[in-house]
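Next come the chains, spelled out residue by residue.
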Number of protein chains: 2
Amino acid sequence: MPTLEDVARKAGVSTATVSKVLSNTPYFTASTRDKVMRAVEETGYMPHLAARALAAGRTCIVGVVFPWVYDGIFTDPHILHILEGIEPECSQHGYNILLITPRLTTSGVDEHYLQLIRSGYIDGIIALDNVPFASVLEPIHKKGIPVVNIGYHVTSYMVRSDDYTGGYQLMQHLVALGHGEIGIIDVQPDLNYSAEERMKGVYAAAEASGMSVESLPTARGDFSVTSGEACAADLLARHPNLTALICLNDRMALGAIQQARRMGRQVPQQLSVVGFDDIPLAAASDPTLTTIRSDAPRMGREATRMLFSVLNGQTPDSVLCPVQLIVRQSTTAVKGGCLT
Amino acid sequence: MPTLEDVARKAGVSTATVSKVLSNTPYFTASTRDKVMRAVEETGYMPHLAARALAAGRTCIVGVVFPWVYDGIFTDPHILHILEGIEPECSQHGYNILLITPRLTTSGVDEHYLQLIRSGYIDGIIALDNVPFASVLEPIHKKGIPVVNIGYHVTSYMVRSDDYTGGYQLMQHLVALGHGEIGIIDVQPDLNYSAEERMKGVYAAAEASGMSVESLPTARGDFSVTSGEACAADLLARHPNLTALICLNDRMALGAIQQARRMGRQVPQQLSVVGFDDIPLAAASDPTLTTIRSDAPRMGREATRMLFSVLNGQTPDSVLCPVQLIVRQSTTAVKGGCLT
DNA sequence: TAAGAGTAGTTAAGCGCTTAACTACTACGA
DNA sequence: TCGTAGTAGTTAAGCGCTTAACTACTCTTA
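Values in this document were obtained by computation on a predicted structure and should not be read as measured data.

Caption draft 1: Spotlight on helix α8 (residues 163–176) of chain B. All names here are of chain B. With 14 residues, α8 extends 20 Å from end C-alpha to end C-alpha; this agrees with the ideal 20 Å at 1.5 Å per step. Among all positions of α8, only Asp-163, Gly-166, Gly-167, Leu-170, Met-171, His-173 and Leu-174 are buried. The arc that holds every buried residue of α8, seen down its axis, measures 155 degrees, which confines them to one face. Among the residues trailing α8, Gly-178 stands out with phi positive, at a value near 95 degrees.

Caption draft 2: Layout of the protein's contact with DNA strand D. Around DNA strand D lies a shell of 24 residues, among which A:Thr17, A:Thr32, B:Leu4, B:Ser19 and B:Tyr45 are the nearest. Considering the 4 Å shell around the protein, atoms of DNA strand D inside it are sugar or phosphate in 71% of instances. Here a phosphate oxygen of DNA strand D sits 2.8 Å away from a polar atom, N or O, in the main chain of A:Thr29. Within the contact set of DNA strand D, a phosphate oxygen lies 2.5 Å away from a side-chain nitrogen or oxygen of B:Tyr45. If you list the elements that add at least two residues to the surface near DNA strand D, you get α2 (15–22) and α4 (49–56) of chain A together with α2 (15–22) and α4 (49–56) of chain B. In terms of residues, the surface near DNA strand D owes the most to one element, α4(B), which gives four residues. Tallied by class, residues from the surface near DNA strand D come to 14 nonpolar, seven polar and three charged.

Caption draft 3: Molecular detail of the interface of chain B and chain A. With 50 residues of chain B at the contact, the number on the chain A side is 50 residues. Both faces considered, chain B and chain A share a buried interface measuring about 4,900 Å² in area, 64% of it formed by carbon and sulfur atoms. Area buried by chain B at its contact with chain A is led by B:Phe74, B:Leu80 and B:Tyr121, which between them contribute 15% of it. In this structure, B:Arg261 and A:Asp286 form a salt bridge, with 3.2 Å as the shortest nitrogen-oxygen distance. The tally of links from chain B across to chain A stands at 16 residue pairs in polar contact (both at pLDDT 80 or more). At the level of elements, α4, α5 (77–92), β2 (96–100), α6 (111–118), α10 (225–238) and α11 (250–262) of chain B are the ones that each hand at least two residues to the side of chain B that touches chain A.

Caption draft 4: Representation of the protein's contact with DNA strand C within the structure. Neighbouring DNA strand C are 24 residues, the closest being A:Leu4, A:Ser19, A:Tyr45, B:Thr17 and B:Thr32. Counting only the atoms of DNA strand C that lie within 4 Å of the protein, the sugar and phosphate share comes to 70%. Taking A:His48, its main chain carries an N or O atom lying 3.2 Å from a phosphate oxygen of DNA strand C. Between DNA strand C and A:Ala51, the relevant distance is 3.4 Å, taken from a base nitrogen to a main-chain nitrogen or oxygen of the residue.

Caption draft 5: Examining the sheet that holds strand β9 (residues 218–221) of chain A more closely. Residues and elements named next belong to chain A. An order of β9-β8-β10-β11 is seen for the four strands of this open sheet, with the pairing classed as parallel. The two strands at the open ends of the sheet, each matched to only one other strand, are β9 and β11 (272–274). Averaged over all pairs of adjacent strands, the angle between strand axes in this sheet comes to 20 degrees, irrespective of strand direction. By the bridge criterion, three bridges tie strand β10 (residues 244–247) to β11 in an arrangement that is parallel. Bridged to Ile-246 within β11 is Val-274. Contacting β8 (182–187), β9 and β10, helix α10 (residues 225–238) runs over the sheet at an angle of about 165 degrees to β9.

Caption draft 6: View of the domain arrangement of chain A. As far as domains go, chain A holds domain 1 (4–47), domain 2 (61–161 + 296–322) and domain 3 (163–294). Here the C-alpha centre of domain 3 of chain A lies 63 Å away from the C-alpha centre of domain 1 of chain A.

Caption draft 7: Expanded view of the sheet that holds strand β2 (residues 96–100) of chain A. Taken together, 12 strands build an open sheet; the order of strands is β13(A)-β7(A)-β6(A)-β5(A)-β1(A)-β2(A)-β2(B)-β1(B)-β5(B)-β6(B)-β7(B)-β13(B) and the sheet is mixed. The sheet is open, and its two edges are formed by β13 (319–321) of chain A together with β13 (319–321) of chain B, each paired on a single side. Sheet twist, expressed as the mean angle between neighbouring strand axes with direction ignored, is 20 degrees. Direction of pairing for strand β7 (residues 157–161) of chain B relative to β13(B): parallel, over a ladder of three bridges. Its bridge partner lying in β13(B), B:Val159 is registered against B:Val319. Where α6(B) meets the sheet, it contacts β2 of chain A together with β1 (61–65), β2 and β5 (124–127) of chain B, and its direction lies at approximately 155 degrees from that of β2(B).

Cut-offs applied
- Residues numbered from 1 in each chain as written.
- Chains lettered and ligands numbered in written order.
- Predicted model: local features only at pLDDT ≥ 70, side-chain atom pairs only at ≥ 80, totals over all residues.
- Heavy atoms only, no water.
- Helix = DSSP H or I, 4+ residues; strand = E, 2+ residues; numbered from the N terminus.
- Expected span 1.5 Å × (residues − 1).
- Buried < 20%, exposed > 50% of the residue type's maximum accessible area, 1.4 Å probe, protein only.
- Arc of directions from axis to C-beta.
- Near = heavy atom within 4 Å.
- Polar contact = N/O pair within 3.5 Å; in protein donor to acceptor, adjacent residues only side chain to side chain.
- Nonpolar A, V, L, I, M, F, W, Y, C, P; charged D, E, K, R; others polar.
- Contact = heavy atoms within 4.5 Å.
- Buried area = accessible area lost by both parts, 1.4 Å probe.
- Salt bridge = Lys/Arg side-chain N within 4 Å of Asp/Glu carboxyl O.
- Pairing = 2+ DSSP bridges.
- Axes fitted to C-alpha atoms, helices over the stretch in contact; angles between N-to-C directions.
- Domains from an automatic or database assignment.

Okay, structure coming up:
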């Protein structure tokens with residue numbers, strides 16, 4: 001591979017001149033620039049990124065930290081959609097993406113992650129840090145790397161989805177349809193901040209319409225389809241008079257619908273079901289699913305833009321991404337219910 | 001950040017000694033090792049990866065190249081599952097993953113990708129190169145970086161899923177159930193080698209059982225759920241006597257099932273449907289889906305192991321990952337059909 | 001007892017690039 | 001005529017690490 005020196009020799013200038021011309025430093029004649037560019041062409045020169053990183057102190061690498069909490073990291077399409085927003089922004093700025101998946105347990109993060117963070121390999125970080133019991137941010141802060149968090153852990157720069165409002169809207173929607181006996185398919189507390197926020201929204205809307213939060217029948221799943229089935233089986237057996245089910249994500253909602261059918265309940269005629277996320281299948285299932293759309297690519301995009309603006313010395317504001325209630329076929333007015 | 005020199009000074013040895021002790025070079029007394037390790041502890045030293053990369057000529061970065069062909073890259077859970085297999089292997093070897101998503105068009109790859117490949121930043125590459133009309137491998141070969149391809153583009157080291165056998169098994173399964181009128185939901189040719197292989201398998205099994213391949217009713221989708229619906233609508237309208245549908249992936253199969261229902265066909269009583277991939281929803285849909293399971297994490301794992309063995313100077317054999325027919329509820333014997 | 005083999009560490013070159021500090025030349029106003 | 005400002009390029013230090021080549025000491029063994 002040709003180096004700067006080869007180019008410089010060929011162009012008849014110093015390596016400093018080549019380096020500066022390539023980084024668009026002013027004060028060079030057109031003819032010098034020409035000579036350099038021609039030599040670059042002829043030699044097929046490409047800068048050696050490790051050398052550049054060492055000399056300049058910048059690596060042009062952003063780390064994308066997706067902690068490996070529950071096994072779902074590599075199962076959840078949500079992750080991929082966030083990446084979809086991150087990638088073009090990075091590419092556009094000439095930055096590369098290092099995918100970092102630390103093992104996150106109650107006792108902290110793994111050693112490999114620590115090394116990587118402290119190795120000077122990474123210019124900036126986008127983290128997906130959203131589990132209450134642990135955080136990947138601490139070593140990053142310690143090392144002083146600029147970081148944007150997509151999630152609820154508090155740090156200087158954050159992007160969040162408006163989960164609270166999403167939860168609120170779901171409950172509000174069901175109440176407006178006349179539902180009074182509403183079951184909840186939740187997840188275990190302390191698993192996920194977003195889920196907690198969604199529940200806060202659900203409860204707030206319940207209270208706003210005069211319902212008692214404590215009396216809402218609840219089952220706990222783990223975001224998976226099968227757990228949705230199990231929870232629905234449990235809830236419908238214990239509370240046969242339920243007319244609606246709020247599920248904290250779409251996959252559990254789809255499972256719940258299957259299970260309800262097996263138990264002889266027609267959806268939505270006898271049971272309304274709502275989900276959260278608006279995964280692609282929500283629009284294609286039978287019945288199509290009423291849900292909350294959170295714009296994952298946009299969150300990735302916003303986070304990346306924030307990161308680059310931090311890297312440029314600015315101090316951007318944190319972002320709250322709006323959500324949207326998508327009403328489809330899985331919800332309907334309660335039979336004989338009184339619509340307000 | 002402390003450097004090797006700080007550690008060396010504190011330990012009272014030369015930087016070479018520290019470097020060698022840390023890389024487990026023989027011929028050092030226990031006491032020297034101790035002094036060094038203690039100094040490392042006290043200073044909190046971490047090697048600077050860019051400096052190490054420059055000096056040693058290795059970056060400890062493997063590139064994972066997922067070309068951005070159709071927009072599906074960030075939508076397809078398959079990708080994530082391949083990563084699931086790659087990540088632990090890399091992590092175990094102390095390597096990091098650089099996620100590379102070149103824009104791949106008929107006119108080649110984008111400039112940023114070219115730069116990255118030629119920049120000396122990457123020790124080895126795992127590519128997912130599977131579109132007939134273009135390839136990301138050429139610049140990699142030119143630069144001489146060790147590469148393993150997950151897909152059908154020919155290169156020294158390859159990992160493939162046995163798509164041919166998968167297709168064969170699907171057709172064989174339906175034939176064994178007595179189906180004779182079978183529709184195909186295909187994708188456009190030249191989009192994906194795997195799809196082509198699957199079709200070859202389907203056709204081979206058809207011929208083996210004496211069917212005429214040309215007469216198989218076929219519609220072309222694009223792997224999406226909605227395209228599955230559209231294709232099913234088309235096929236069932238044009239060929240009302242179909243008793244079974246082979247879909248080249250699960251998402252199209254799920255769409256086809258929905259559409260068949262809407263058109264008054266019960267699945268599987270009046271129409272058997274099979275998919276390909278075994279995505280999580282295949283086991284949770286209603287009816288559950290008969291499909292072919294291809295082990296994506298395993299493919300990632302095998303590819304990564306091959307890469308490291310290449311990096312160690314070995315020449316591993318290419319791998320063909322077996323597939324498995326998963327029979328579920330969406331297929332049944334044809335009514336009044338004669339089972340062999 | 002001297003040559004070779006093994007052990008334990010040091011010296012210093014250099015990986016390829018960036019950039020502060022410097023030289024040198026031209027132009028121009030006071 | 002001198003001083004200053006602007007323009008155009010060079011010199012050389014150094015980023016933090018690895019490693020070939022070297023020194024120096026201690027055993028063996030013929």
